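# Structural overview for review
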Amino acid sequence: TDIDISKIPRAMTAHLPCDVSVKSAEWVEDSFHPRYDVKYKEYIYRIYNGAVRDPFLEGRAFYLPRAIGDGAFDRMRSAAANFVGKHDFSAFMAQGSNVSTTVREVMYADVERVGEEIIFRVAADGFLYNMVRIMTGTLIAVAEGRIEPEDIADIISSRSRERAGMTAAACGLYLNKVVY
């Protein structure tokens with residue numbers, strides 16, 4: 001293209017849906033592949049944990065009306081740390097998925113509280129189908145006392161989908177960052 005590279009993000013804005021943004025652009029080799037050259041992706045999962053449903057978050061965050069107190073929140077944070085590392089994440093994949101390998105490396109996984117929201121943030125070199133949603137469902141089970149934080153390592157090594165938590169609803173999941 002003969003468009004100045006600094007003008008590409010603004011030029012693309014007119015042609016993209018409102019839920020996609022281009023923040024910057026740079027030249028790459030012709031061999032560059034947007035899927036296979038990713039160093040890591042970061043997803044966030046938003047859980048709204050207020051006592052009363054927030055209509056402004058409907059369809060934008062998973063509503064969990066049962067209060068997650070400080071102790072339960074600390075359990076979630078402790079459990080999330082167990083996802084970090086290179087593991088076979090078969091237990092956190094939708095059944096029936098067709099992939100060549102289920103080994104992924106999680107760079108970081110953490111849970112933070114922002115007001116009445118609990119935000120699970122996870123980055124990995126790749127994700128399996130429903131992996132983040134199942135991780136989130138497992139963290140909710142940890143918060144509710146149905147799974148212990150230290151059981152995460154055993155669930156991972158078991159490779160058994162039945163041992164992990166529910167698949168959380170899609171409404172709270174966001175692809176937040178792609179790093180090349």
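Everything below is about the structure shown above.
Residues numbered from 1 in each chain as written. Predicted model: local features only at pLDDT ≥ 70, side-chain atom pairs only at ≥ 80, totals over all residues. Heavy atoms only, no water.

With that settled, the discussion passes to the pairing of strand β4 (residues 103-114). Relative to β4, strand β3 (residues 85-88) is paired through four bridges, and the arrangement is antiparallel. Paired with H87 across the strands is R104, a residue of β4. Relative to strand β5 (residues 117-124), β4 runs antiparallel, the two sharing eight bridges. Paired with V111 across the strands is F120, a residue of β5. The hairpin formed by β4 and β5 contains two residues between the paired strands, and G115 there has a positive phi angle of roughly 60°. (Pairing = 2+ DSSP bridges. Helix = DSSP H or I, 4+ residues; strand = E, 2+ residues; numbered from the N terminus.)

Tallied over the entire structure, the rule returns nine salt bridges. Between R121 and E42 there is a salt bridge; the shortest N-O distance is 3.1 Å. Placement of R121 in strand β5 and of E42 in strand β1 (residues 40-48) is noted, with a sequence separation of 79 residues between them. The partner of R121 in a salt bridge is E112, and the shortest N-O contact between them spans 3.0 Å. Given the relative accessible area of 31%, E112 is considered partly exposed. One salt-bridge network, in which partners are shared between bridges, spans E42, E112 and R121. (Salt bridge = Lys/Arg side-chain N within 4 Å of Asp/Glu carboxyl O. Buried < 20%, exposed > 50% of the residue type's maximum accessible area, 1.4 Å probe, protein only.)

For helix α3 (residues 131-143), which comprises 13 residues, the first-to-last C-alpha distance of 18 Å matches the rise-based estimate of 18 Å (1.5 Å per residue) to within 8%. Along α3, 13 of the 13 residues are buried, which leaves the element largely enclosed by surrounding structure. Immediately downstream of α3, the backbone of G145 shows phi near 85°, a positive value. (Expected span 1.5 Å × (residues − 1).)

Right, let's get into the packing of aromatic side chains. The tally for this structure, following the rule as stated, stands at seven aromatic pairs. When the ring of Y43 is compared with that of F127, the centres are 4.9 Å apart and the planes differ by 80°; the resulting orientation is edge-to-face. Of this pair, Y43 sits in strand β1 while F127 is found in the loop between β5 and α3, placing the two residues 84 residues apart along the sequence. Of the two residues, Y43 and F127, neither departs from the other in class, the shared state being buried. Members of the aromatic cluster, joined through ring pairs, are F83, F89, F92 and F120. (Phe/Tyr/Trp six-rings, centres within 6.5 Å; stacked < 30°, edge-to-face > 60°.)

In this section: the nonpolar core. Counting 40 residues, the largest nonpolar core has F83, F89, F92, F120, V122 and M135 as the members making the most contacts within it. The set of elements that each furnish at least two residues to this core consists of β1, α2 (70-81), β4, β5, α3 and α4 (152-158). Among all residues touching F89, those that are not within four sequence positions of it are F83, T102, R104, V106, L128, M131, M135 and I156. (Core = buried A, V, L, I, M, F, W, Y, C linked by side-chain atoms within 4.5 Å. Contact = heavy atoms within 4.5 Å.)

Let us look at a nonpolar patch on the surface. Together, L175, V178 and Y180 line one region of the surface with nonpolar side chains, adding up to about 260 Å² of accessible area. When you line up the elements, Y180 lands in the segment after β6 (173-179). Look at Y180 and you get partly exposed, because its relative accessible area is 42%. (Patch = residues over 30% accessible without salt bridge, like charges linked within 9 Å, V, L, I, M, F, W, Y side chains within 5 Å. Areas by Shrake-Rupley, 256 points an atom, 1.4 Å probe, with all protein chains shown as cover.)

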